[in-house]
Amino acid sequence: MAPTENDIWPGEPNTPFRRLWAEVKDKRVEPPRSDVRIAVTFEDEPGGSAVRRDNSSAWVAQMRYRDAKGRETERLFRCLRLTQSFGKMNVMAWCYEREAVRQFCVDNIIELADAYTGECFDPLLRFEQLRDSGALGCDDMVLTDLARVLQFMAGCDGEYHPLEREAIVTQLERYALRFDGCEKALERVVAGLDDIAPDGTDLVRAVKKFSRMRDGARFCRFVLDSGAAVIDADGRQTPDEVRWAVELSATLKGVVDRGALH
């Protein structure tokens, strides 16, 4: 079951952020799927209908997993949050086989690999890295959130054109120049772009954080311009893409206008 508005922002009135989330809540970037998958025929531990996100959110990988009963499956998943329980690290994730949130114990991951390149990782080491430095291995979380937003805008319509990726890199470089970004952080984020598959919740949470920045109005104006550049990069816009992009633009413009009044 998908999270509800009250799950994510309990008690919050009908703000532009809620309206934006209502438009994008069922949308996400779809990572590539392997040609060979092991069918899942049993229930494992559900993770609940709504999961708080942390900095690991949107990182995508494939794994071979052994459950508590010794049964093995292959999974394609998107990380949402890392947790600790009884001294063990767990991954709350969106499982693409189940089309639902699931919890996986890191100790039970037999093999872990990049969903795009096939590069293999030591599971515990990799998730410790995600816990410490986020989905893109970068200390600049504003840059990481900007990458999530732009990656979502480029790929949530099911198409990810090379010109859109080019435009994302250009906008991230503009961020580094205009907001004193670190060159090393920029390199890490650009290198990891293809490893994330953000969803609508990632988008809205990032925009809310942007709005609360000390210079939020200026930064949201930058995000507004960057998003438009990414959407226009491939020369076409689907009606569905236009609808949620308009809502996103209205939300960002609201932040910009409020900032202009202060």
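Below is a short write-up of the structure.

About the criteria used
- Residues numbered from 1 in each chain as written.
- Predicted model: local features only at pLDDT ≥ 70, side-chain atom pairs only at ≥ 80, totals over all residues.
- Heavy atoms only, no water.
- Salt bridge = Lys/Arg side-chain N within 4 Å of Asp/Glu carboxyl O.
- Helix = DSSP H or I, 4+ residues; strand = E, 2+ residues; numbered from the N terminus.
- Buried < 20%, exposed > 50% of the residue type's maximum accessible area, 1.4 Å probe, protein only.
- Axes fitted to C-alpha atoms, helices over the stretch in contact; angles between N-to-C directions.
- Parallel < 35°, antiparallel > 145°, perpendicular 65-115°, else oblique.
- Left-handed = near helix turned anticlockwise from the far one by under 90°.
- Contact = heavy atoms within 4.5 Å.
- Nonpolar A, V, L, I, M, F, W, Y, C, P; charged D, E, K, R; others polar.
- Phe/Tyr/Trp six-rings, centres within 6.5 Å; stacked < 30°, edge-to-face > 60°.
- Lys NZ or Arg CZ within 6 Å of the ring centre and 35° of its normal.
- Polar contact = N/O pair within 3.5 Å; in protein donor to acceptor, adjacent residues only side chain to side chain.
- Arc of directions from axis to C-beta.

## What about the pattern of salt bridges?
Throughout the structure, instances matching the rule amount to 17 salt bridges. The closest approach of N and O atoms between Asp 145 and Arg 148, which form a salt bridge, is 2.7 Å. With Asp 145 and Arg 148 both in helix H4 (residues 141-155) and three residues apart, this pair spans about one turn of that helix. A single burial state applies to Asp 145 and to Arg 148, both of which are buried. If you follow the salt bridges from partner to partner, you end up with Arg 53, Arg 78, Asp 199 and Asp 202 in one network.

## Considering the packing of H4 against helix H5 (residues 162-178)
Relative orientation and spacing of two packed helices are given, respectively, by the angle between their axes and the distance between those axes. Where H4 contacts H5, the axes come no closer than 10 Å and their chain directions differ by 155°. Classed by the angle they form, the pair H4 and H5 counts as roughly antiparallel. Handedness of the crossing formed by H4 with H5: right-handed. Residues Val 142, Leu 143, Leu 146, Ala 147, Leu 150, Gln 151 and Ala 154 of H4 form the contact with H5, whose own contacting residues are Glu 164, Ile 168, Gln 171, Leu 172 and Tyr 175. The residue inventory of the contact of H4 with H5, partitioned by class, reads nine nonpolar, two polar and one charged.

## Considerations on unusual backbone geometry
The phi torsion at Glu 99 lies on the positive side, around 55°, for a residue other than glycine. Summarising the element assignment, Glu 99 is placed in the loop between strand E3 (88-95) and strand E4 (100-105).

## Observations regarding the packing of aromatic side chains
Counted according to the given criterion, the structure contains 12 aromatic pairs. With a centroid separation of 5.0 Å and an interplanar angle of 75°, the aromatic rings of Tyr 65 and Phe 104 are classed as edge-to-face. Here Tyr 65, found in strand E1 (residues 60-66), pairs with Phe 104, found in strand E4; they are 39 residues apart in sequence, far enough to count as distant. Here the aromatic cluster, defined as three or more aromatic residues joined through ring pairs, consists of Trp 59, Tyr 65, Phe 77, Phe 104, Phe 121 and Phe 127. The ring of Phe 121 has Arg 126 sitting right over it, with the charged end atom 5.1 Å from the ring centre.

## Some words on the side chain of Arg 148
A residue is classified by how much of its surface remains accessible, and Arg 148, at 5% relative accessible area, is buried. A polar contact of 2.8 Å, which involves the side chain of Arg 148, links it to the backbone oxygen of Asn 55. With residues near it in sequence (within four places) discarded, Arg 148 still touches Asp 54, Asn 55, Ser 56, Ser 57, Ala 58, Ala 135, Ile 196, Pro 198 and Asp 202.

## Here's the deal with helix H3 (residues 123-133)
Among all positions of H3, only Pro 123, Arg 126, Phe 127, Leu 130 and Ser 133 are buried. Projected down its long axis, H3 shows its buried positions confined to an angular sector of 150°, all on one face. Contact partners of the buried residues in H3: strand E2 (72-85), E3, strand E5 (109-114), strand E6 (120-121) and H4. Capping the start of H3, Asp 122 holds a side-chain oxygen 3.3 Å from the backbone nitrogen of Leu 124, two or three residues further along. Among the residues trailing H3, Gly 134 stands out with phi positive, at a value near 80°.

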